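Read off the chains here:
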Amino acid sequence: MPSVTSRRATPSPVPAFEIRRSAIAGAGAYALRLIKKGEKIIEYVGERVSHPVADARYDDAAEHDHHTFLFAVSSRTVIDATVGGNDSRFINHSCEPNCETEIEKGRVFVFALRDIKVGEELAYDYAYERDGTETEKEERYYKCLCGSPMCRGTIMEPKSELLKRQRAKQRALAKKRKAVKKKTKAKKPSKR
Ligand SMILES: [Zn+2]
């Protein structure tokens, strides 16, 4: 596979990583030089599409192969790295990652969480967002084989993250209801 890595993402003339066969999952990204903690390694690029478009493209295929190259940027936008993607799409998932992704003004970048030595495989936590409707089949499907002692067993986010989101939503809703109640109460006297 040709390595076009990081020509645009890192100022260093030596590419940060190359793509090799991974023992765990197909291809993987391996450090070619020391990558310092905090380094912006590469941008996750590809075609920007809506969630419905991405779903239509891969829902059926995903039954057989979840190695599609999608990154959910927001509730509106998904990056499909199958179209115009770079080597960042080969970075695998780990429950004990040495990289993380950050979204800056709608663009996704991969950063080093710690110093990464030559030959180490790069990985970040995919933490696919749950919506609470995950079936057992899906749970099996997104099973994690990262081999870390910290492995949570799934490349989906921990269930606690979904609970946290749901609770925050409920709190926000309750606040809104309270505000509406106050407003209607405040209005009443002026109507009389
Ligand atoms: Zn794992």
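Please refer to the structure higher up on the page.
Before going into details, it helps to say that this report is about the structure given with it. Model, not experiment: these values are computed from the prediction. Every chain's residues receive numbers from 1 upward, in the order its sequence appears when written. It should be noted that, the model being predicted, local features are given only for residues of pLDDT at least 70 and side-chain atom pairs only at 80 or more, the latter also being counted only at that level, while totals for whole chains, interfaces and linings use all residues.

## Some words on the overall build of the protein chain
Helix and strand definitions here come from DSSP, where helices need a minimum of 4 consecutive H or I residues and strands a minimum of 2 consecutive E residues; each element is numbered from the N-terminal end. Scanning the protein chain from terminus to terminus reveals three helices and 10 strands. Order of helices (α) and strands (β) in the protein chain, N terminus to C terminus: β-β-β-β-α-β-β-β-β-β-β-α-α. Buried positions account for 23% of the 192 residues belonging to the protein chain. Think of it this way: build a C-beta for each residue from its backbone, and any pair within 7 Å is a contact. In the protein chain, 64% of the contacts between residues at least 6 apart in sequence involve partners at least 24 apart. Backbone-placed C-beta atoms define the burial measure: a residue is buried with 20 or more other C-beta atoms within 10 Å of its own, exposed with 12 or fewer, and partly exposed in between.

## Quick notes on the nonpolar core
Within the largest apolar cluster, 23 residues are counted, with the highest numbers of intra-cluster contacts made by I41, I91, C99, V110 and L122. Put simply, the parts of the chain that give this core at least two residues each are strand 2 (27-31), strand 3 (40-44), strand 5 (70-72), strand 6 (77-80), strand 9 (107-112) and strand 10 (121-124). The contacts of L122, once residues within four sequence positions are left out, are F17, A29, A31, I91, N98, C99 and I116. The term nonpolar core means buried Ala, Val, Leu, Ile, Met, Phe, Trp, Tyr and Cys residues held together as one set by C-beta atoms within 7 Å.

## A few points about the sheet that holds strand 8 (residues 99-104)
Taken in spatial order, the three strands of this open sheet run 3-9-8, and their pairing is antiparallel. The open sheet has two free edges, formed respectively by strand 3 and strand 8, since each of these has just one partner strand. Between one strand axis and the next, the sheet turns by 30° as a mean value, whatever way the strands run. Strand pairing is defined by DSSP finding a minimum of two bridges between the two strands. Bridge count between strand 8 and strand 9: six bridges; the pairing is antiparallel. In the sheet register, E102 faces strand 9, and the bridge partner there is F109. A fitted line through C-alpha atoms serves as each axis, taken over the contacting stretch for helices, and the angle formed by two N-to-C directions is quoted from 0 to 180°.

## Notes on the environment of S50
With respect to the helices and strands, the residue S50 is situated in strand 4 (residues 47-50). Judged by the 12 C-beta atoms lying within 10 Å of it, S50 is exposed. Considering only alpha carbons, one finds S50 and T77, 27 residues apart in sequence, at a separation of 4.9 Å. Filtering out sequence-adjacent residues up to four positions away, S50 remains in contact with R76 and T77.

## Focus: the sheet that holds strand 5
On the basis of which strands lie adjacent, the open sheet formed by three strands has the order 4-6-5 and antiparallel pairing. Looking at which strands have only one partner, the edges of the open sheet turn out to be strand 4 and strand 5. Pairwise comparison of adjacent strand axes, ignoring direction, gives a mean angle of 30° for this sheet. Relative to strand 6, strand 4 runs antiparallel, the two being bridged by four bridges. Looking across to strand 6, one finds that S50 is bridged to T77. Contacts from helix 1 (residues 51-58) reach strand 4, strand 5 and strand 6 within the one sheet, and its direction differs from that of strand 4 by about 100°.

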